[in-house]
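# Structural features, examined
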Amino acid sequence: SQTIHQWPATLVQPVGSPLSLECTVEGTSNPNLYWYRQAAGRGLQLLFYSVGIGQISSEVPQNLSASRPQDRQFILSSKKLLLSDSGFYLCAWGGHHEQYFGPGTRLTVT
Amino acid sequence: GNSVTQMEGPVTLSEEAFLTINCTYTATGYPSLFWYVQYPGEGLQLLLKATKADDKGSNKGFEATYRKETTSFHLEKGSVQVSDSAVYFCALLLPSGSARQLTFGSGTQLTVLP
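Structural notes, computed from the coordinates. It should be emphasised that the depicted structure is a prediction, and the values quoted were computed from it without experimental measurement.

Here the amide bond leading from Trp 7 of chain A into Pro 8 of chain A is cis, since omega sits at 0°, within 30 degrees of zero. Relative to the helices and strands, Pro 8 of chain A is located in the loop between strand S1 (3-7) and strand S2 (10-13). Cis geometry is adopted by the peptide bond preceding Pro 10 of chain B, which originates at Gly 9 of chain B and carries an omega value of -5°. The topology assignment puts Pro 10 of chain B in the loop between strand S1 (3-6) and strand S2 (11-14). Even without being a glycine, Glu 16 of chain B presents a positive backbone phi close to 75°. Residue placement: Glu 16 of chain B occurs in the loop between S2 and strand S3 (19-21). On the accessibility criterion, Glu 16 of chain B (59% relative accessible area) is exposed.

So, in structure tokens, the structure goes:
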């Protein structure tokens, strides 16, 4: 069966510091991968998606970036965090008819 | 463009009450429809889905019917429990090239009181 992992689970970072969040999927090959952000009390916003290694599409201009160095690894990064980057970050992988989400990373930028 | 409109919350019910959370959608083409649930501090879990008109998705006592004529996918449960307290998201999925991107509603917070 397929599983999706995210780490870290929680993170507190100062403004201006770098960021790296990691997502890995097991039990499937060549999945579509997604990064979403959920700001406090709000719905989900799609940030990036990837249909293959090295292929990244961005949905929203921002100071975040994503990379897919391996088939089942998806990384969300920033060189300098902003206060507005605080939120709950969810990784998902896409099956044929639905998406499955990881446990999420709660990021607080102070 | 594609969009999902959900009933605004928060919704507060007593245990064993009947639940309805309304969801309507706008989409080009023929979407698949989903309800996801998010328990406090956790990621999203797929609750149920329907992939074509008149399909009924069901799970854990929840159900929703894909109504193409009214472009709706309302979530219902006959008798809610305290453990159903969570945020519920309606979503649609359309193929966009090869990406298959989900479009979410804004979420509805449900609190069930004992």
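Next comes the rest of the write-up.
Chain A puts 22 residues into the contact, and the matching count from chain B is 20 residues. Summed over both partners, the interface of chain A with chain B buries about 1,600 Å², with 53% contributed by carbon and sulfur atoms. If you look at where chain A meets chain B, you find 1 salt bridge. For Glu 98 of chain A, the salt bridge is made with Lys 49 of chain B, and the minimal N-O distance between the two is 2.5 Å. Counting across the interface, chain A meets chain B through 4 residue pairs in polar contact (both at pLDDT 80 or more). Only strand S4 (32-38), strand S5 (44-52), strand S9 (87-94) and strand S10 (99-101) of chain A provide two or more residues apiece to the side of chain A that touches chain B. Residue composition of the side of chain A that touches chain B, by class: 11 nonpolar, 8 polar and 3 charged.

It is worth spelling out the environment of Thr 3 of chain A at this point. All names here are of chain A. The topology assignment puts Thr 3 in strand S1. Along the backbone, Thr 3 and Thr 105 are 102 residues apart, and their C-alpha atoms lie at a distance of 16 Å. Look past the residues within four positions of Thr 3 in its chain and what remains in contact with it is Thr 24, Val 25 and Glu 26. In terms of polar contacts, Thr 3 uses its side chain to reach the side chain of His 5, at 3.5 Å.

In this section: the state of the cysteines. The full count for this structure, using the stated rule, is 2 disulfides over all chains. The side chain of Cys 23 of chain A participates in a disulfide bridge whose partner is Cys 91 of chain A; the two sulfur atoms lie 2.0 Å from each other. Every disulfide takes its handedness from the sign of the S-S torsion; for Cys 23 of chain A and Cys 91 of chain A that torsion is -75°, giving left-handed. Residue Cys 23 of chain A is located in strand S3 (residues 19-26), and its partner Cys 91 of chain A is located in strand S9; the two are separated by 68 residues in the primary sequence. On the accessibility criterion, Cys 91 of chain A (0% relative accessible area) is buried. Between the sulfur of Cys 23 of chain B and that of Cys 90 of chain B lies a disulfide, 1.9 Å long from S to S. Taking the torsion about the S-S bond as the criterion, the Cys 23 of chain B to Cys 90 of chain B disulfide, at about -70°, is left-handed. With Cys 23 of chain B in strand S4 (residues 23-26) and Cys 90 of chain B in strand S10 (residues 86-94), the pair connects residues that are 67 residues apart, well separated along the chain. Here Cys 23 of chain B and Cys 90 of chain B have matching classes, each one buried.

Rules behind the numbers
Residues numbered from 1 in each chain as written. Chains lettered and ligands numbered in written order. Predicted model: local features only at pLDDT ≥ 70, side-chain atom pairs only at ≥ 80, totals over all residues. Heavy atoms only, no water. Helix = DSSP H or I, 4+ residues; strand = E, 2+ residues; numbered from the N terminus. Buried < 20%, exposed > 50% of the residue type's maximum accessible area, 1.4 Å probe, protein only. Contact = heavy atoms within 4.5 Å. Buried area = accessible area lost by both parts, 1.4 Å probe. Salt bridge = Lys/Arg side-chain N within 4 Å of Asp/Glu carboxyl O. Polar contact = N/O pair within 3.5 Å; in protein donor to acceptor, adjacent residues only side chain to side chain. Nonpolar A, V, L, I, M, F, W, Y, C, P; charged D, E, K, R; others polar. Disulfide = S-S within 2.5 Å.

Bear in mind that shape data such as this cannot, by itself, settle questions of function.
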